[in-house]
Amino acid sequence: MQLQRSLAAGRRGLSRHPASRPSRGGVPLGAVRKGGEKNVVCTKTVLAKAEHAAKVKELCAKYEEDMKANQAGILAFECTEDNFDENAVHFWERYKNSAYFNQGMQSKETTAFLKEVAEYVEKPVGIALFEYANGQIGNACVEIGPKGEGGLDDATGANKYGGGARYEQTSNTVQL
């Protein structure tokens, strides 16, 4: 109806004005881009020394509370204890984009947490990044490795497509 009226009024084509869009039953028709948003997921693993497990869990709970209360761009921030290792604590963090992730990692809450927890842990806090799009988590973001420069395939010659080191002697002067 709306299209017929605009054509009858002497207009050519469709107008960009939302009120003049064709509609079915009063609902405007139009394309909506779905699933274009990509988030960043960060997982952290904290492995406490056995004698300091309670203190580490307390620090982790405070950090979770602080981050949920004070940070913009955080879509999810959860802290859970490991089901199998009583000294391990895991974080699941989902940020709107990489800028918000960087802001979160550089925040006073994160830097204070990492400094405080450092003396109570077995080894450094493990951090992994993933891309999250359309409700699915992607591969881990790595700068090097099997999908990047200098991965295990290259080092062992296991890559059947070539590249990297091979098991062949390449020197003409010494053939072993």
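Residues numbered from 1 in each chain as written. Predicted model: local features only at pLDDT ≥ 70, side-chain atom pairs only at ≥ 80, totals over all residues. Heavy atoms only, no water.

Engineer: Which parts of the structure should I look at to understand the pattern of salt bridges?
Structural biologist: When the charged atoms of two side chains lie near each other, side chains of opposite charge can form a pair. Evaluation of the coordinates by the stated rule reveals five salt bridges. Note that Lys68 is salt-bridged to Glu78, the shortest N-O span being 3.6 Å. Within this pair, whereas Lys68 is found in helix H2 (residues 53-70), its partner Glu78 is found in strand E4 (residues 74-81), the two being separated by 10 residues in sequence. Under the relative-accessibility criterion, Lys68 is labelled partly exposed at 46%. Look at the salt bridges and you will find they share partners, linking Glu64, Lys68 and Glu78 into a network. (Salt bridge = Lys/Arg side-chain N within 4 Å of Asp/Glu carboxyl O. Helix = DSSP H or I, 4+ residues; strand = E, 2+ residues; numbered from the N terminus. Buried < 20%, exposed > 50% of the residue type's maximum accessible area, 1.4 Å probe, protein only.)

Engineer: How should I be thinking about the confidence of the model for the chain in this particular structure?
Structural biologist: Caution applies to low-pLDDT parts of the model: their predicted coordinates are not meant to be read in detail. When pLDDT is averaged across the chain, the result is 76; 60% of the residues are at 70 or more. Scored below 50 in pLDDT, residues 1-7 makes six contacts in the model with residues more than four places away or belonging to other chains. Counting contacts from residues 11-18, a segment whose pLDDT is below 50, to residues more than four positions away or on other chains yields six contacts. (pLDDT = per-residue confidence, 0-100. Contact = heavy atoms within 4.5 Å.)

Engineer: Looking at this model, I keep getting lost on the side chain of Lys44. Mind explaining?
Structural biologist: Mapped onto the elements of the fold, Lys44 is located in strand E3 (residues 38-47). Polar contacts involving the side chain of Lys44 include one to the side chain of Glu93, which spans 2.7 Å. Lys44 has contacts with Tyr63, Val89, His90, Phe91, Glu93, Met105, Val125, Gly126 and Ile127, leaving out every residue within four places of it along the chain. (Polar contact = N/O pair within 3.5 Å; in protein donor to acceptor, adjacent residues only side chain to side chain.)

Engineer: Just checking my understanding: could you explain the nonpolar core for this structure?
Structural biologist: The nonpolar side chains of soluble globular proteins are, as a tendency, buried together. Counting 21 residues, the largest nonpolar core has Val46, Phe113 and Val117 as its most contacted members. It is H2 that contributes the most residues to this core, six residues altogether. Contacts of Phe113, omitting those with residues within four sequence positions, involve Val46, Leu59, Cys60, Tyr63 and Phe91. (Core = buried A, V, L, I, M, F, W, Y, C linked by side-chain atoms within 4.5 Å.)

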